[in-house]
Every structure is written in structure tokens, then in C-alpha cells.
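Coordinates in review
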Amino acid sequence: MVSPTEHSTDEDRDVASGGPPEQVASQTDSDAELAKLEDRWRRSVADLDNLRKRYARELDRERSAERSRVAATWLPVVDNLERAVAHAGDKSDAVVEGVRSILGEALQVLEHLGYPRDAESGVPFDPQRHEVVGVVEHADSTPGTVVEVVRPGYGQGSSQLRPAAVVVSRREE
């Protein structure tokens, strides 16, 4: 009796080993090529995701910069409206009330853009928020206290259009 392995043909052996050597080599090359293509695809997807994130950050940065430019352009208008209201004093005719109303709206727009008005006196001097334009001897306040706001500042923290111009008290000597 002859065992089945003794009568096996080349074809039977090729099937048992995965195919003829040329086909096995071709399959290995195809698998390697597929792995390379899949790796390139994954890298491309990751690069595209990184690009989207970078563009989103740049877009936010550009929007913020443009908002700052527009708001800064309006500051002289707001300053002039404040001067007009201060010059009018306690008068209450229609034109003065109109200017006060426009000033109020302008301040609301600046606040809405992220630049609230900073005109607080009686607070400690903060070089991040204030610019000293004068120093006075003031017996009623501690040294380094904002006594008067000459020109209001707009913004807060790192998003500041301009610091408040202030007069600060100093110690009498």
C-alpha cells in the first residue's frame, strides 16, 4: 500500500504550501505593498486632521486680531463722545442726550467685542491695567492707589486695547 504523500503531485504540494513559489512571492509583495499604502493613507489622514486643527487655530487668531483692530479704530470716536458729554456737563437738551445715548451704545459694542471699559479709581495700581500719567500726594489713600482716571482703559488681561491712564497716590515724605 502506498501512502498518499508518496503519490502526491507537485500541484498537491503547491496547494499544501500556499501555492507555487512565484505566487507565494507575489502574495508577499502584495501584502508588503498593501501595508505601505495603508501606512501612507493613515499618515495622510493624520496630516489632514492636523492641518484642519492648525487652520482652526489660525482662524481664531485672525478673528481676534481683526476684532482688536476694529475696536482700536473706534477708541478715538468713543473718547470724543466722552469729551462732548463731559463738556456738556449737566445740560439735558436733546442733542446732549443723543450724544450720551450714542456713547452708551459704543461702550456696549466694545464690551460685546470683549473690551470692557476700565475706569475704576480707588483700586491698587496694576501695571497690567494702568499707565501712570501722574503722581500726587494724597493723605486719604494708601500709596500706590489709583486716585484719578484721566483716560479709561479698554479690555482685560491679555486682550487689552489700551491701559487706563491714571494718577496714583504716593506717600508724603
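Parameters and conventions
Residues numbered from 1 in each chain as written. Predicted model: local features only at pLDDT ≥ 70, side-chain atom pairs only at ≥ 80, totals over all residues. Heavy atoms only, no water. Helix = DSSP H or I, 4+ residues; strand = E, 2+ residues; numbered from the N terminus. Contact = heavy atoms within 4.5 Å. Expected span 1.5 Å × (residues − 1). Buried < 20%, exposed > 50% of the residue type's maximum accessible area, 1.4 Å probe, protein only. Arc of directions from axis to C-beta. Salt bridge = Lys/Arg side-chain N within 4 Å of Asp/Glu carboxyl O. UniProt positions renumbered as here; feature names shortened; annotations may be inferred. Polar contact = N/O pair within 3.5 Å; in protein donor to acceptor, adjacent residues only side chain to side chain.

1. Describing the environment of V133
Locating V133 in the fold gives a position in strand 2 (residues 130-137). Each C-alpha atom of the pair V133 and V149 lies 9.4 Å from the other, and the pair is 16 residues apart in sequence. With sequence-adjacent residues up to four places away left out, V133 is seen in contact with V150, A165, V166 and V167.

2. Looking at helix 3 (residues 94-112)
An α-helix turns once every 3.6 residues. As a result, residues three or four positions apart point the same way. For helix 3, spanning 19 residues, the distance from its first C-alpha to its last is 27 Å, which sits close to the expected 27 Å at 1.5 Å a residue. Within the span of helix 3, buried status applies to V96, L103, A106 and L110. The buried side chains of helix 3 occupy one side of the element, clustering within an arc of 80° when seen end-on. Seen from the buried face of helix 3, the exposed residues on the opposite side, beyond 90 degrees, are A94, Q108, E111 and H112.

3. Some thoughts on the pattern of salt bridges
This model, assessed by the stated rule, comprises 12 salt bridges. Salt-bridge contacts for K53 lead to D49; the nearest nitrogen and oxygen are separated by 3.3 Å. Of this pair, K53 and D49 both sit in helix 2 (residues 21-88), 4 residues apart, which is roughly one turn of the helix. A relative accessible area of 45% means that K53 is categorised as partly exposed. You can call D49 partly exposed: its relative accessible area is 32%. Linking E58 and R54 is a salt bridge whose minimum nitrogen-to-oxygen distance equals 3.7 Å. Residue E58 and its partner R54 are both found in helix 2; the two are separated by 4 residues, about one turn of the helix.

4. Some words on the UniProt feature "coiled-coil region" (unreviewed entry) in the protein chain
With numbering aligned to this structure, UniProt lists the feature "coiled-coil region" (unreviewed entry) at residues 34-68. For the annotated span residues 34-68, helix accounts for 100% and strand for 0% of the residues, and the straight-line distance between the end C-alpha atoms is 51 Å.

5. What to know about the side chain of S141
Residue position: S141 is located in the loop between strand 2 and strand 3 (146-151). A distance of 3.2 Å separates a polar atom in the side chain of S141 from a polar atom in the side chain of H138. Among the polar contacts listed, one links the side chain of S141 to the side chain of S169, at a separation of 3.3 Å. Aside from chain neighbours lying at most four places away, what touches S141 is V147 and S169.

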